[in-house]
Structures are given as C-alpha cells and as structure tokens.
Amino acid sequence: MSYAVAGRRVLITGASSGIGAALARRLAAQQAVVGLIARRRDRLDEVLADCRTSSPQSAMWVADLGDTAAAGRLALQAWHTLRGIDVLVNNAAMPKRRAVTALKPDDVEEVMRVNFFAPMRMTLALLPRMLARRSGIIVNVSSVGGRLGITREAAYCASKFALCGWSEAMAVDLAGSGVAVKLVQPGPVDTEIWDRPDNDVPLYGGPKVDADLVAEGIVAAIGSDRFEHYLPEVMALKDVVDAKNADLDAFIAGAAAMTWQ
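Residues numbered from 1 in each chain as written. Predicted model: local features only at pLDDT ≥ 70, side-chain atom pairs only at ≥ 80, totals over all residues. Heavy atoms only, no water.

K.L.:
So what's going on with the packing of helix α1 (residues 18-29) against helix α6 (residues 211-222)? Residues and values would help.
P.N.:
Between α1 and α6, the least distance of the axes is 8 Å, while the angle of their chain directions is 60°. The angle between α1 and α6 places the two elements in the oblique class. Here the hand of the crossing between α1 and α6 comes out right-handed. Taken together, the residues of α6 that come into contact with α1 (itself represented by G18, I19, A22, L23, R26 and L27) are A211, D212, V214, A215, E216, I218 and V219. Partitioned by chemical class, the residues of the contact of α1 with α6 number nine nonpolar, one polar and three charged. (Axes fitted to C-alpha atoms, helices over the stretch in contact; angles between N-to-C directions. Helix = DSSP H or I, 4+ residues; strand = E, 2+ residues; numbered from the N terminus. Parallel < 35°, antiparallel > 145°, perpendicular 65-115°, else oblique. Left-handed = near helix turned anticlockwise from the far one by under 90°. Contact = heavy atoms within 4.5 Å. Nonpolar A, V, L, I, M, F, W, Y, C, P; charged D, E, K, R; others polar.)

K.L.:
Give a description of the nonpolar core that names residues and reports values.
P.N.:
For soluble globular proteins, the rule of thumb is that nonpolar side chains tend to be buried together. Grouped together as the largest cluster of nonpolar side chains are 35 residues, with contacts concentrated most on I12, L23, L27, L36, V89, V139 and I218. Looking at this core, the elements that each hand over two or more residues are β1 (9-13), α1, β2 (33-38), α2 (41-52), β4 (87-90), β5 (136-141) and α6. Ranked by residue count, the leading element in this core is α1, at seven residues. Discounting chain neighbours no more than four positions away, the residues touching L27 are V5, V10, I12, A32, V34 and V219. Membership of the second largest hydrophobic core comes to 27 residues, among which are A59, W79, A118 and M122. (Core = buried A, V, L, I, M, F, W, Y, C linked by side-chain atoms within 4.5 Å. Buried < 20%, exposed > 50% of the residue type's maximum accessible area, 1.4 Å probe, protein only.)

K.L.:
Outline the pairing of β5, supporting the account with residue identities and numerical values.
P.N.:
Along β5, six of the six residues are buried, which leaves the element largely enclosed by surrounding structure. Side chains G136, I138 and N140 project from β5 onto one buried face, and the interleaved I137, V139 and V141 project onto a second face that is buried too. Where β4 lies against β5, four bridges are found, and the strand directions are parallel. Within β5, the position partnered with V89 by the bridge is V139. Handedness of the β4-helix α4 (residues 105-133)-β5 crossover: right-handed. Note that β5 and strand β6 (residues 179-186) share six bridges and pair parallel. Opposite V139, over in β6, you have K182 as the bridge partner. As for the winding sense of the linkage, the β-α-β connection from β5 through helix α5 (residues 154-173) to β6 is right-handed. (Pairing = 2+ DSSP bridges. Right-handed = clockwise from strand over helix to strand, strands pointing away.)

K.L.:
Could you give me a rundown of the side chain of K96, with the residues and numbers involved?
P.N.:
Mapping K96 onto the fold places it in the loop between β4 and α4. Looking at K96, the relative accessible area reads 2%, which means it is buried. K96 has contacts with L103, D107, E110, V111, R152, E153, A155, Y156, D198 and N199, leaving out every residue within four places of it along the chain.

K.L.:
Tell me what's going on with the environment of R226, and back it up with residues and numbers.
P.N.:
Within the secondary structure, R226 sits in the loop between α6 and β7 (228-231). Taking the C-alpha atoms as reference points, R226 and A180, separated by 46 residues in sequence, lie 9.8 Å from one another. Ignoring any residue separated from it by four or fewer positions in sequence, one finds R226 in contact with K182 and E233.

K.L.:
Describe the UniProt feature "domain: Ketoreductase" (unreviewed entry) in the protein, listing the residues and the values that go with them.
P.N.:
Taking the numbering used here, the UniProt-annotated feature "domain: Ketoreductase" (unreviewed entry) corresponds to residues 8-192. In residues 8-192, helix accounts for 48% and strand for 18%; the two terminal C-alpha atoms are 28 Å from one another. (UniProt positions renumbered as here; feature names shortened; annotations may be inferred.)

K.L.:
Quick one: what's the story with the sheet that holds β6, residue by residue and with numbers?
P.N.:
For sheets, the rule is that strands pair by backbone hydrogen bonds, running either parallel or antiparallel. Spatially, seven strands are ordered β3-β2-β1-β4-β5-β6-β7 in an open sheet, and the strand pairing comes out parallel. On the outer flanks of this sheet lie β3 (59-62) and β7, each paired with one strand and no other. Each adjacent strand pair in this sheet contributes to an overall mean axis angle of 15°, direction not counted. Lying over the sheet, α1 contacts β1, β2, β4 and β6, oriented at roughly 165° with respect to β1.

K.L.:
Which residues make up empty space enclosed by the protein, and what values go with them?
P.N.:
One pass over the full model with this rule turns up one cavity of 30 Å³ or more. In this model, the largest cavity occupies a volume close to 30 Å³. Surrounding the largest cavity, T13, L65, N90, N91, A92, V114, A118, P119 and M122 form its lining. Here the lining of the largest cavity gets four residues from one element, more than from any other, and that element is α4. Looking at the lining of the largest cavity, its residues break down into six nonpolar, three polar and no charged. (1 Å grid on protein atoms, 1.4 Å probe; cavity = no way out; pocket = protein on both sides within 12 Å on 5 of 7 lines; lining within 4 Å. Points joined across faces, edges and corners; volume = space filled by probe spheres on them.)

Take a look at the structure:
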C-alpha cells in the first residue's frame, strides 16, 4: 500500500540531526508539511530552512522532551499550528552506555523520560483527535535494542523494550479504528548517538548505515501494511532477533562471553 505524503502534515521529534533530520528533509522534498521538534535551535534552524525550500509551511519547536509534562502540550500546539497532524514520528532518543552495576536510578529515569514517556505523552495527546476523524499514523522509532538485550545498554534497552511493547499493544487496541501504528527497528546507524558525552565507549565496532537510508525505509514503512520494520532490511536484523527468541539462554551466554573476551 502506497501513501502519498504530499500535503500530509508530519510531526517529527529528534529532528535536528540523524534519522529525524534526514526524514524531515526527505518528506519535505515530497511536499509534506513537516513539524520539527528538537533541543538545539541552531541545528533545527538549518533543517527547517532546507525543508522550507520545497515545503514553505513547515514549522519547528525547540524543546527538551526530557520535560515530559510539556510533551503533550507541545503535541497539541503543533496540531493547532499545522491544522492537524496526519503522521506522528516519535524519533527522539538518548543513549546511556553504562554497565548496570554503575547505573544510578536517575540515569535510568532520564532515559525513560526521553525514549518512552515523551512518545507516550505525545501519542496520548494526539490520539483522541486522530480517532475522532478516524485517520492517522503513529510511527515509533525504537531500535534493535528494543528486541535484544545489549551489553552495557540496560537503561537504553529498557526504554526501547517499553516502546516496543507499548506499540504492539497499541496496534491491537487500535485495530479497525483508522489509526495505524508502525514500529521501526533501526540497526547501527551513523549518527551522533555514538559520540554523546557521559557514555562509555561503544563496544560495537562494526558497520553503520547512513541515516538517510533508514529515513527512506521509514517513508516506505508509513505506506506499508506491516506493523514492524527492521531497517535497513539488507542487514537481516530480524534474523538475529528470531535466533535470540529461539534460544534466549544461548543468546545471553554468548553475549556475556563476547563481553569479557
């Protein structure tokens, strides 16, 4: 099923860099009206300027989604400014690479606020309006770390597992309502998430894909009949998750052995 994005109003969080910025530029180039949310005004200004060359009605909001109490209000403000939202893309996320033995409760709660509670609040703010008109698409950008427990990523994986479970149950609840849910599971993407301060050095040293390739996959996912999308598909990420689910004990033992090599 194709989805004509021209004229559609798409709200994207985490839009100042990486996947969010690439997705905003790609959708605007196809004449979608994009609403951009991120913390960094200078970077967001650059993305918005690019988007407005082909989508002059696009707009932006500078906000820290760690302030979850404000997330719902921000979503409604964007709805009124854009005169409705057809697609909500919950993309903003933060890492926390740290062994569980070194985590503090505040560390985990910070990650949960940005990676799960903000998407939850934005979704619940917009959902009644989407249901009233019986149309809308909610895209939650999770991670392969939402299906696999990754070494020294307990806080991050907890937030992404929560987003996966939320999305799956929500898709069941909303079946037949006219509102669709899409769950996106990117693999290793070449973004700033690998270089964020106050994080351990990444253990992963393998290949990373360009953010624009994942953005292309998200546009395709929006128009797809399927719920879950592992991106990019060429990395066979779903096969890894399926193998883990087939023998979880073996997966844990293998991951632990690799960690201490």
